[in-house]
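Summary of the model geometry
If you want the building blocks of each chain, they are given just below.
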Amino acid sequence: MITNRLYLSTIAADAERQARRLNLGLEIAEYCTAWNMDERFPQTDSLVREKLNGVDRRIFHAPFNELFPCAIDPRARELAAFRYRQAMVLAESYGAEKIVIHGGYSPRLYYPCWYREESIAFWKSFLAEAPGLPIALENVMEEEPEMLLDIIRGVDDPRLRLCLDVGHVNVYSSLPADIWLERCAPFISHFHIHNNDGRQDTHSALNRGSIDMRAFLSRAETLCPGATFTLELTETEPSLRILMEESPCF
């Protein structure tokens, strides 16, 4: 994996140190919790700018708690749009090249057909007024890839693409990650890479889980040569060592 397409999530305590050492990018995760945009913004902004010092490439992860683009309550949709607009402005202020946003599907709240149709309506409306920053829509609890593919095709806007989170696939879908990759490849602009045992979303190191990460990454680089990758881990060093040892391009 070539370094100019690899990012480290700032959920890892060593992310900024490793990014500077290896000339990698950072994915800003501090605003996954929206309160950091409000009363905690001054200290969060200062922390983020310190982490970004000396790191040229940035991706921004938008807030996701209680945010549902397909919400039944129109006020809830308004909240999601408001938070995403905040995130877009912040992402641009940090020089981010794209923004990652969760799809917002919950199997206990929404029928799949509602999720598809109402998400298409939401994103068409949002993109009609949003800045030009590309969005990578991330899978979380989606059970099969067609749910997100139908949204991307229905919106039909080149600014809306997919973030394939391979760890989420392993926990929440009965289909293996390589099937998701094959079906979604034409629309993938970003990957979240972490492993787990298929039961809990533990964000474990690349070699600590049931996903054959070597095979997955090799296929991903073939099918999605322009995509970016974020190691979304609480500690990056063990997985970076694996990548350096096994990838001739790193």
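The text that follows walks through the structure, step by step, so that each part is easy to find.

In this description, an aromatic ring pair is defined by two values, namely the gap between the centres and the angle between the planes. For the coordinates displayed, the defined rule picks out 14 aromatic pairs. Ring geometry for Tyr84 against Phe126: centres 6.2 Å apart, planes inclined by 85 degrees, an arrangement best described as edge-to-face. Here Tyr84 is found in helix α3 (residues 74–93), whereas its partner Phe126 is found in helix α4 (residues 112–129), with 42 residues between them in sequence. Comparing Tyr84 with Phe126 shows no difference in burial state: the two are buried. Ring geometry for Phe122 versus Phe126: centroids 6.0 Å apart, planes at 10 degrees, classification stacked. One end of the pair is Phe122 and the other is Phe126, both in helix α4 and 4 residues apart, which spans about a single turn. The same class applies to Phe122 as to Phe126, namely buried. Within the aromatic cluster, the residues linked to one another by ring pairs are Tyr31, Phe41, Phe60 and Tyr94.

Here the focus is helix α2 (residues 41–52). Along its 12 residues, α2 runs 16 Å from first to last C-alpha, staying within 8% of the 16 Å computed at 1.5 Å per residue. Residues of α2 that are buried: Thr44, Asp45, Val48, Lys51 and Leu52. In an axial view of α2, the angular spread of the buried residues amounts to 125 degrees, which keeps them on one side of the axis. Facing away from the buried side of α2 by over 90 degrees, the exposed positions are Pro42 and Glu50. On its buried face, α2 sits against α1 (15–22), β2 (25–28) and β3 (58–61).

We now examine empty space enclosed by the protein. If you roll a probe as big as a water molecule over the atoms, it shows you where there is empty space left. If you walk through the whole model with that rule in mind, you get 1 cavity of 30 Å³ or more. Taken together, Asn139, Leu148, Leu162, Cys163, Leu164, Trp180 and Cys184 form the lining of the largest cavity. Contributions of two or more residues to the lining of the largest cavity are made by β6 (160–165) and α7 (177–184). With 3 residues, β6 is the largest single contributor of residues to the lining of the largest cavity. Looking at the lining of the largest cavity residue by residue, the class counts come to 6 nonpolar, 1 polar and no charged.

About the criteria used
Residues numbered from 1 in each chain as written. Predicted model: local features only at pLDDT ≥ 70, side-chain atom pairs only at ≥ 80, totals over all residues. Heavy atoms only, no water. Phe/Tyr/Trp six-rings, centres within 6.5 Å; stacked < 30°, edge-to-face > 60°. Helix = DSSP H or I, 4+ residues; strand = E, 2+ residues; numbered from the N terminus. Buried < 20%, exposed > 50% of the residue type's maximum accessible area, 1.4 Å probe, protein only. Expected span 1.5 Å × (residues − 1). Arc of directions from axis to C-beta. Contact = heavy atoms within 4.5 Å. 1 Å grid on protein atoms, 1.4 Å probe; cavity = no way out; pocket = protein on both sides within 12 Å on 5 of 7 lines; lining within 4 Å. Points joined across faces, edges and corners; volume = space filled by probe spheres on them. Nonpolar A, V, L, I, M, F, W, Y, C, P; charged D, E, K, R; others polar.

Read these as spatial facts, not as claims about activity.
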